[in-house]
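Inside the fold
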Amino acid sequence: MRKINEIFYSLQGEGYHVGTPAVFVRFSGCNLRCPFCDTQHENGVFMTDEAILEEVLKYPAEMVILTGGEPSMFIDEAFVEMFHGVGKFVCIETNGTFALPDNLDWITCSPKEGGKVVLPGMDELKLVYQGQDITPFESMPVRHFFLQPCSGENIPETIQAVLEHPKWRLSIQTHKILQIK
Ligand code: SF4
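Here goes a summary of the coordinates provided.

Scoring rules and cut-offs
Per-chain numbering applies: the sequence of each chain, read as written, is numbered from 1 onward. Confidence filtering applies because this is a predicted model: local features only for residues at pLDDT of at least 70, side-chain atom pairs given and counted only at 80 or more, and all residues used for totals across whole chains, interfaces and linings. Here a strand is any run of E in DSSP of at least two residues, a helix any run of H or I of at least four, and the numbering for each starts at the N terminus. Restricting the calculation to C-alpha atoms gives the radius of gyration, and the globule rule supplies 2.2 Å times the number of residues raised to the power 0.38. Residues with at least 20 neighbouring C-beta atoms inside 10 Å of their own are called buried, those with 12 or fewer are called exposed, and the rest are partly exposed, where every C-beta is derived from the backbone. Here, residue contact means that the backbone-derived C-beta atoms of the two residues sit within 7 Å. Nonpolar core, as used here: buried Ala, Val, Leu, Ile, Met, Phe, Trp, Tyr and Cys residues forming one set through C-beta atoms within 7 Å. Each residue gets a C-beta atom placed from its backbone. Should that atom fall within 6 Å of a molecule or strand, the residue is termed near it. When residue character is reported, Ala, Val, Leu, Ile, Met, Phe, Trp, Tyr, Cys and Pro are called nonpolar, Asp, Glu, Lys and Arg charged, and the others, Gly included, polar. Two strands are counted as paired when DSSP detects at least two bridges linking them. Orientation is described by lines fitted to C-alpha atoms, with helices fitted over the stretch in contact, and by angles between N-to-C directions that extend from 0 to 180 degrees.

Along its length, the protein carries four helices and nine strands. When the helices and strands of the protein are read in sequence order from the N terminus, they spell out β-β-β-α-β-α-β-β-β-β-α-β-α. Computed over its C-alpha atoms, the radius of gyration of the protein comes to 16 Å, within 12% of the 16 Å expected for a compact globule of 181 residues. Here the C-alpha coordinates of the protein stretch approximately 50 × 35 × 30 Å along the principal axes. Expressed as a percentage of the 181 residues in the protein, the buried residues total 34%. Here the analysis covers contacts within the protein between residues at least 6 apart in sequence; of these, 51% occur between residues at least 24 apart.

On to the nonpolar core. Burial of nonpolar side chains together is a common tendency in soluble globular proteins. Core analysis: the largest hydrophobic core is formed by 31 residues, its most contacted members being Val64, Leu66, Val90, Ile107 and Leu125. For this core, the secondary-structure elements that each account for two or more residues are β2 (21-27), β4 (63-67), α2 (77-84), β5 (89-94), β6 (106-109), β7 (122-129) and β8 (142-149). Among residues more than four places away in sequence, those in contact with Val64 are Ala22, Val23, Val25, Val56, Phe83, Lys88, Phe89, Val90 and Cys91.

With omega at 15°, the peptide bond leading from Gly68 into Gly69 counts as cis. Among the secondary structure elements, Gly69 is positioned in the loop between β4 and α2. One non-glycine residue, Gln179, lies in positive phi territory at about 55°. Along the chain, Gln179 turns up in the segment after α4 (174-178). The exposed category is assigned to Gln179, around which 6 C-beta atoms lie within 10 Å.

In this section: the site of the ligand. Neighbouring residues of the ligand: Cys30, Leu32, Arg33, Cys34, Cys37, Thr39, Gly68, Gly69, Glu70, Asn95 and Lys112. Classifying every residue of the shell around the ligand by side-chain character gives four nonpolar, four polar and three charged.

Looking now at the environment of Thr94. As for its position among the elements, Thr94 is in strand β5. Taking the C-beta count within 10 Å as the criterion, Thr94 has 26 such neighbours and is therefore assigned buried. Not counting chain neighbours up to four residues away, the residues in contact with Thr94 comprise Glu70, Pro71, Ser72, Leu100, Ile107 and Cys109.

Another point: the sheet that holds β5. Strand order in this open sheet of nine strands is β3-β1-β2-β4-β5-β6-β7-β8-β9, and the pairing throughout is mixed. The outermost strands of the open sheet, each flanked by one partner alone, are β3 (45-47) and β9 (168-170). On average, each strand axis in the sheet is tilted by 30° relative to the strand beside it, whichever way the strands run. Direction of pairing for strand β1 (residues 2-11) relative to β3: antiparallel, over a ladder of three bridges. The residue bridging Arg2 from the neighbouring strand is Met47, located in β3. Strands β1, β2, β3 and β4 of the sheet are contacted by helix α1 (residues 49-56), whose axis makes an angle of about 10° with β1.

The values are spatial; any link to function lies outside them.
What follows is the structure, encoded as structure tokens:
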């Protein structure tokens, strides 16, 4: 049984896969307490893997995004394989503080203050910009670098930081602009 906050169908609003239809599986619970956390993930119900799969299969998208909270605390290889068995492309959105199963198809890591990243590599780094020095992150084993305004409030500063550090791309929370989930 795994504690699930919600399963819903929407567009990926941020980062590399922006605009892509995906089924989101939001786990309940996180090891960090970020002051800007905008996810109401605490409440959840315990579901069997079969029930989770049944819910996911109600939607036609190939992409499944494991999110939270912090999904890496609650998943294993068999759970990911369950989705591969029905042809899904399995992504995770993680703070990077826990080791991950090897069989994930896409890793998006959003490092957070106070959370040491232990991942040996990732497809996408999505950093919430709060004026910090972003150059140390550039040596991380990452394919795509995204810088994202904090709660949409410092967009000009974030654009300026990207212009000064062209390894990065701007990521906007389009789901908030579009008023979708
Ligand atoms: S790591 Fe993510 S889910 Fe956890 S508290 Fe921070 S912002 Fe919220």
